[in-house]
Amino acid sequence: MRIGELAEQTGASVRSLRYYEKQGMLSSERSASGQRHYGEDAVSRVVLIRQFFAVGMNSTTIAALLPHIKNNGERCPPQVLRRLVSELERIDTQAEDLARARRTLKGMVEATQEAMRGE
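Per chain, residues are indexed from 1 in the order of the written sequence. Totals for whole chains, interfaces and linings use every residue, but because this is a predicted model, local features are given only for residues with pLDDT of at least 70 and side-chain atom pairs only at 80 or more, for both listing and counting. Excluding hydrogens and water, the side-chain values take into account all heavy atoms of the structure.

### So, the nonpolar core
Stage number 1. In this description, a nonpolar core means a group of buried Ala, Val, Leu, Ile, Met, Phe, Trp, Tyr and Cys residues linked to one another through side-chain atoms lying within 4.5 Å. The classification of residues rests on relative accessible area computed with a 1.4 Å probe and restricted to protein chains. Under 20% of the type maximum is buried, over 50% is exposed, and intermediate values are partly exposed. Ranked by size, the top nonpolar core spans 20 residues in total, and within it Leu6, Leu17, Tyr20, Leu26, Val46 and Ile62 carry the most contacts.
Stage number 2. In DSSP terms, a helix is any run of H or I states spanning at least four residues, a strand is any run of E spanning at least two, and both are numbered starting from the N terminus. Those elements that provide at least two residues to this core are helix H1 (3-10), helix H2 (14-22), helix H3 (42-54) and helix H4 (59-65).
Stage number 3. In terms of residue count, the dominant contributor to this core is H3 (five residues).
Stage number 4. In this analysis, two residues are considered to be in contact whenever any of their non-hydrogen atoms come within 4.5 Å of each other. Apart from the residues within four sequence positions on either side, Val46 is in contact with Leu6, Thr10, Ala12, Leu17, Tyr20 and Leu26.

### Quick word on the packing of aromatic side chains
Stage number 1. Working definition: a ring pair exists when centres of Phe, Tyr or Trp rings (six-membered ring for Trp) sit within 6.5 Å. Plane angles under 30 degrees give stacked, over 60 give edge-to-face, the rest tilted. For the structure on display, the rule yields two aromatic pairs.
Stage number 2. Each ring, one from Tyr19 and one from Tyr20, has its centre 6.5 Å from the other, and the planes form 65°; the classification is edge-to-face.
Stage number 3. Residue class for Tyr20 comes out buried when judged on its relative accessible area of 5%.
Stage number 4. With a centroid separation of 5.9 Å and an interplanar angle of 25°, the aromatic rings of Tyr20 and Phe53 are classed as stacked. Placement of Tyr20 in helix H2 and of Phe53 in helix H3 is noted, with a sequence separation of 33 residues between them.
Stage number 5. Under the relative-accessibility criterion, Phe53 is labelled partly exposed at 29%.
Stage number 6. Taken together, Tyr19, Tyr20 and Phe53 form an aromatic cluster joined through their ring pairs.

### Some remarks on the UniProt feature "domain: HTH merR-type" (unreviewed entry) in the protein chain
Stage number 1. UniProt positions are given in the numbering used here, feature names are shortened, and annotations may be inferred rather than shown by experiment. Using the residue numbers shown here, the UniProt feature "domain: HTH merR-type" (unreviewed entry) corresponds to residues 1-68.
Stage number 2. For residues 1-68, the end-to-end C-alpha separation is 24 Å, with 54% helix and 6% strand making up the annotated structure.

### Overview of the environment of Ala111
Stage number 1. Tracing the sequence through the fold places Ala111 in helix H5 (residues 78-118).
Stage number 2. Along the sequence, Ala111 and Ser44 sit 67 residues apart, while their C-alpha atoms lie 44 Å from each other.

As C-alpha coordinates, this is what we get:
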(Lines give C-alpha, C1' and ligand atoms only; values in the text may rest on other atoms or scores of the structure.)
Protein backbone atom coordinates (compact mmCIF):
# COMPACT_ATOMS: atom_id res chain seq x y z
CA MET A 1 0.00 0.00 0.00
CA ARG A 2 1.24 3.49 -0.76
CA ILE A 3 1.80 6.21 1.80
CA GLY A 4 -1.40 8.10 0.97
CA GLU A 5 -3.48 4.96 1.43
CA LEU A 6 -1.82 4.24 4.77
CA ALA A 7 -2.46 7.81 5.88
CA GLU A 8 -6.11 7.54 4.90
CA GLN A 9 -6.63 4.21 6.66
CA THR A 10 -4.96 5.29 9.91
CA GLY A 11 -5.77 8.99 10.16
CA ALA A 12 -2.05 9.79 10.36
CA SER A 13 -0.66 12.50 8.12
CA VAL A 14 1.79 11.62 5.37
CA ARG A 15 4.31 13.79 7.20
CA SER A 16 3.82 11.74 10.40
CA LEU A 17 4.30 8.49 8.51
CA ARG A 18 7.57 9.76 7.08
CA TYR A 19 8.63 10.78 10.60
CA TYR A 20 7.75 7.34 12.00
CA GLU A 21 9.87 5.77 9.30
CA LYS A 22 12.78 8.13 9.91
CA GLN A 23 12.65 7.27 13.64
CA GLY A 24 12.73 3.53 12.89
CA MET A 25 9.17 2.89 14.07
CA LEU A 26 7.82 1.98 10.64
CA SER A 27 9.39 0.42 7.59
CA SER A 28 8.59 0.42 3.90
CA GLU A 29 10.01 -0.85 0.69
CA ARG A 30 10.80 1.46 -2.17
CA SER A 31 9.63 0.99 -5.73
CA ALA A 32 11.95 1.56 -8.66
CA SER A 33 10.63 5.12 -8.82
CA GLY A 34 11.33 5.67 -5.10
CA GLN A 35 7.76 5.48 -3.84
CA ARG A 36 7.16 3.98 -0.42
CA HIS A 37 5.13 0.79 -0.21
CA TYR A 38 3.91 -0.60 3.11
CA GLY A 39 2.78 -4.08 4.06
CA GLU A 40 -0.67 -4.83 5.46
CA ASP A 41 0.72 -4.92 9.02
CA ALA A 42 1.59 -1.22 8.71
CA VAL A 43 -1.98 -0.19 9.54
CA SER A 44 -1.97 -1.86 12.97
CA ARG A 45 1.57 -0.62 13.57
CA VAL A 46 0.62 3.00 12.88
CA VAL A 47 -2.50 2.70 15.05
CA LEU A 48 -0.32 1.43 17.90
CA ILE A 49 2.24 4.21 17.41
CA ARG A 50 -0.53 6.81 17.51
CA GLN A 51 -1.97 5.26 20.69
CA PHE A 52 1.43 5.43 22.34
CA PHE A 53 1.88 9.08 21.33
CA ALA A 54 -1.64 9.87 22.60
CA VAL A 55 -0.71 8.72 26.10
CA GLY A 56 2.44 10.81 26.15
CA MET A 57 5.16 8.38 25.14
CA ASN A 58 8.04 9.93 23.22
CA SER A 59 9.37 8.62 19.93
CA THR A 60 12.57 7.26 21.50
CA THR A 61 10.58 5.11 23.93
CA ILE A 62 8.16 3.99 21.25
CA ALA A 63 10.97 3.05 18.86
CA ALA A 64 12.68 1.06 21.62
CA LEU A 65 9.50 -0.82 22.57
CA LEU A 66 8.02 -1.60 19.15
CA PRO A 67 10.40 -4.42 18.21
CA HIS A 68 9.32 -6.23 21.38
CA ILE A 69 5.56 -5.80 21.06
CA LYS A 70 4.18 -9.22 20.33
CA ASN A 71 0.61 -10.12 19.44
CA ASN A 72 1.15 -13.83 19.95
CA GLY A 73 1.62 -13.83 23.72
CA GLU A 74 5.39 -14.18 23.46
CA ARG A 75 7.26 -12.75 26.43
CA CYS A 76 9.39 -9.66 26.10
CA PRO A 77 12.87 -9.31 27.61
CA PRO A 78 13.09 -8.19 31.29
CA GLN A 79 14.48 -4.74 30.44
CA VAL A 80 11.55 -4.14 28.09
CA LEU A 81 9.11 -5.36 30.72
CA ARG A 82 10.55 -2.84 33.19
CA ARG A 83 10.04 -0.06 30.67
CA LEU A 84 6.49 -1.21 29.93
CA VAL A 85 5.66 -1.29 33.64
CA SER A 86 7.12 2.18 34.07
CA GLU A 87 5.03 3.52 31.19
CA LEU A 88 1.92 1.83 32.56
CA GLU A 89 2.49 3.43 35.97
CA ARG A 90 2.95 6.84 34.33
CA ILE A 91 -0.26 6.41 32.33
CA ASP A 92 -2.16 5.33 35.47
CA THR A 93 -0.97 8.46 37.28
CA GLN A 94 -1.97 10.58 34.31
CA ALA A 95 -5.43 8.95 34.26
CA GLU A 96 -5.88 9.68 37.98
CA ASP A 97 -4.85 13.31 37.44
CA LEU A 98 -7.34 13.61 34.57
CA ALA A 99 -10.11 12.08 36.68
CA ARG A 100 -9.43 14.62 39.46
CA ALA A 101 -9.48 17.50 36.98
CA ARG A 102 -12.73 16.18 35.50
CA ARG A 103 -14.36 16.02 38.93
CA THR A 104 -13.29 19.62 39.63
CA LEU A 105 -14.63 20.87 36.31
CA LYS A 106 -17.87 18.94 36.73
CA GLY A 107 -18.34 20.47 40.17
CA MET A 108 -17.80 23.94 38.77
CA VAL A 109 -20.28 23.36 35.94
CA GLU A 110 -22.91 21.93 38.29
CA ALA A 111 -22.47 24.77 40.82
CA THR A 112 -22.75 27.38 38.08
CA GLN A 113 -25.81 25.74 36.56
CA GLU A 114 -27.47 25.52 40.00
CA ALA A 115 -26.71 29.20 40.68
CA MET A 116 -28.17 30.18 37.31
CA ARG A 117 -31.38 28.26 38.06
CA GLY A 118 -31.73 30.14 41.30
CA GLU A 119 -31.55 33.57 39.66
